2 protein chains.
Amino acid sequence: MNATIPIRESDLDFDNGTFDSSAFAARTLASWQNLAAALDHTLLEPGATREQVERLCAEAAHYRFACVLVHPVWVSTAVNFVAGASIPVGAVMGFPHGASLVSTLRQEAAALTRLGARELEMVLPVSQLKSGNHGAVENAVRAAAHVAHLQGALLTVTLDTGLLAMNEKLRAAEIAIQAGADFIKNSREPSTSGAIAADAALMRGVAGARCGIKASGGVTALEQVRALLEAGANRIGSSASVAIVRELGAE
Amino acid sequence: MNATIPIRESDLDFDNGTFDSSAFAARTLASWQNLAAALDHTLLEPGATREQVERLCAEAAHYRFACVLVHPVWVSTAVNFVAGASIPVGAVMGFPHGASLVSTLRQEAAALTRLGARELEMVLPVSQLKSGNHGAVENAVRAAAHVAHLQGALLTVTLDTGLLAMNEKLRAAEIAIQAGADFIKNSREPSTSGAIAADAALMRGVAGARCGIKASGGVTALEQVRALLEAGANRIGSSASVAIVRELGAE
């Protein structure tokens, strides 16, 4: 059971392939509960301890965030912790460089979903994109999407927009969507708020109503979230999710 | 065939378990050819292109570096390129966060060695070390070492010393060695020259003659290499290897 705030049919204009981000933003910001359901509660510090992972999970269960997003080594811990609260656990794969073999991505996706992960995040193979190996990029995404979907999990593809030129961003987004991504996401790197909102708008422009858009990178305040939702994101990744929902009245 | 400058029996004092780093440093610095054979020629930029990987390989073949170290997606390319020159290809696994599942490490090690990688570098699971899960840390290293050694490859374990307190560094080094590491390595992060040399000395202090010590992180000049060799390293990772051997007269 996914806590995520649902996109309504009225948000989508299938004829024009568009998504009404203003309506979605207004609904998401109408209550802290709605907002929480659009936030990934994220902990990807390499030195994060079990205690920190458990605190993350407790917070996710309390505020009912969209998911907890952790490293593979912590998936079992997180699944055990939040199973009762029906909060999905997400995990990153080949993070953050997107330079894994396709066979490794496949193994990792299968192993993580077997452990109970319901959302998988891979990084687009940026170096292959930049080398013009578009077929290799598509194969990698398609392989991960295939395994994820077989297991009923969602696949997010991080485009690592901070490393891409405009034409590469457009190409990367289109390849990821065609190959089966459920969400595309901007960058793994902290960036300026303006750059993240611009990337969210660009991704929504390419995607229309075809997939979800996640935005993340140094998002710590409600105003940033509002701007990203209005730009077209329907999921926000943050390690400051608790502070953000408190801005909207959560306790 | 590994080009690495060999450690001589006279460098090792097995009775006292020590390694004569002064003798090794003097021999390594006696010619640019010896020096090249102690340098990993490294390219781990996430956006590196095929063209850059091929240039890396051409340089490695020309100067006869100890190995070329690349991301998994470039192992096939590198193996094809340097096979004729008998330069070993190394690959990183679960880089840089050391947060992969053990089953993923096993798959990755097997797949990379099948593609021809002769050196594998994993990152110690730092978050598990910091959580006191020493058994999990040892299992991860042992699993990767087992697969690597079955295939005749070497395993380097990066301790990510930049994230560790002194007692954690000592513990990490001992666990990695006991679990079968052929080399232990300081950090994946650029650090100060002084900090890297101190970590090399610490690792050599723990290891004695039991394994090799790699040092890396912002090494761009011959003087840094000299300090690291004298501190106990017998392999240096750098993306500036060409400039370094040129300082010693290579063309």
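Residues numbered from 1 in each chain as written. Chains lettered and ligands numbered in written order. Predicted model: local features only at pLDDT ≥ 70, side-chain atom pairs only at ≥ 80, totals over all residues. Heavy atoms only, no water.

### Comments concerning the sheet that holds strand β9 (residues 212-216) of chain A
Residues and elements named next belong to chain A. Reading around the circumference, β3-β4-β5-β6-β7-β8-β9-β10 is the order of the eight strands in this closed barrel, with parallel pairing throughout. Sheet twist, expressed as the mean angle between neighbouring strand axes with direction ignored, is 25°. One ladder, built from three bridges, connects strand β3 (residues 39-42) with strand β10 (residues 235-238); its direction is parallel. Pairing of H41 across the sheet is with S238, part of β10. On the sheet, helix α5 (residues 102-114) packs against β5 (89-93) and β6 (119-123) and is oriented at approximately 165° with respect to β5. Packing of helix α7 (residues 134-150) onto the sheet brings it into contact with β5, β6 and β7 (154-158), and relative to β7 it is tilted by some 155°. (Pairing = 2+ DSSP bridges. Helix = DSSP H or I, 4+ residues; strand = E, 2+ residues; numbered from the N terminus. Axes fitted to C-alpha atoms, helices over the stretch in contact; angles between N-to-C directions. Contact = heavy atoms within 4.5 Å.)

### Side note on the relation of the copies chain B and chain A
Mapping chain B onto chain A leaves a residual RMSD of 0.0 Å; the transformation is a rotation of 180° accompanied by 0.0 Å of translation along its axis. The superposition of one copy onto the other is thereby described by a two-fold rotation axis. Looking at the interface residues of chain B, 100% of them are also at the interface in chain A, so both copies use one shared face. (Least-squares fit on C-alpha atoms with pLDDT ≥ 70 in both.)

### A few points about α7 of chain A
Residue and element names in this part refer to chain A. Here α7 is 17 residues long and its end C-alpha atoms lie 24 Å apart, about the 24 Å a rise of 1.5 Å per residue gives. When we look at burial in α7, the residues that qualify are V137, A140, V141, A143, A144, A145, V147 and A148. Lining the buried residues of α7 we find β5, α5, β6, α6 (126-130), β7 and α8 (166-178). Of the residues trailing α7, G152 is marked for its positive phi of about 75°. (Expected span 1.5 Å × (residues − 1). Buried < 20%, exposed > 50% of the residue type's maximum accessible area, 1.4 Å probe, protein only.)

### Things to note about the pairing of strand β3 (residues 39-42) of chain B
Residues and elements named next belong to chain B. Burial along β3 is two-sided: the face carrying L39 and H41 and the face carrying D40 and T42 are both buried. As judged from the three bridges shared by β3 and strand β4 (residues 67-70), these two strands associate in the parallel manner. Note that in β4 the partner of H41 across the bridge is V68. For the crossover from β3 across helix α3 (residues 50-63) to β4, the handedness is right-handed. (Right-handed = clockwise from strand over helix to strand, strands pointing away.)

### Considering the packing of aromatic side chains
Summed over the entire model, instances satisfying the criterion amount to six aromatic pairs over all chains. Judged by centre distance (5.6 Å) and plane angle (50°), the ring pair of F19 of chain B and F24 of chain B falls under tilted. F24 of chain B carries the same exposure label as F19 of chain B, and that label is buried. Linked through ring pairs, W32, Y63 and F65 of chain A together constitute an aromatic cluster. Directly above the aromatic system of F19 of chain A lies the positively charged group of R204 of chain A, at a separation of 3.9 Å from the ring centroid. Its end group placed over the ring of F183 of chain B, K214 of chain B keeps NZ or CZ at 5.2 Å from the ring centre. (Phe/Tyr/Trp six-rings, centres within 6.5 Å; stacked < 30°, edge-to-face > 60°. Lys NZ or Arg CZ within 6 Å of the ring centre and 35° of its normal.)

Just distances and angles here, no functional claims.
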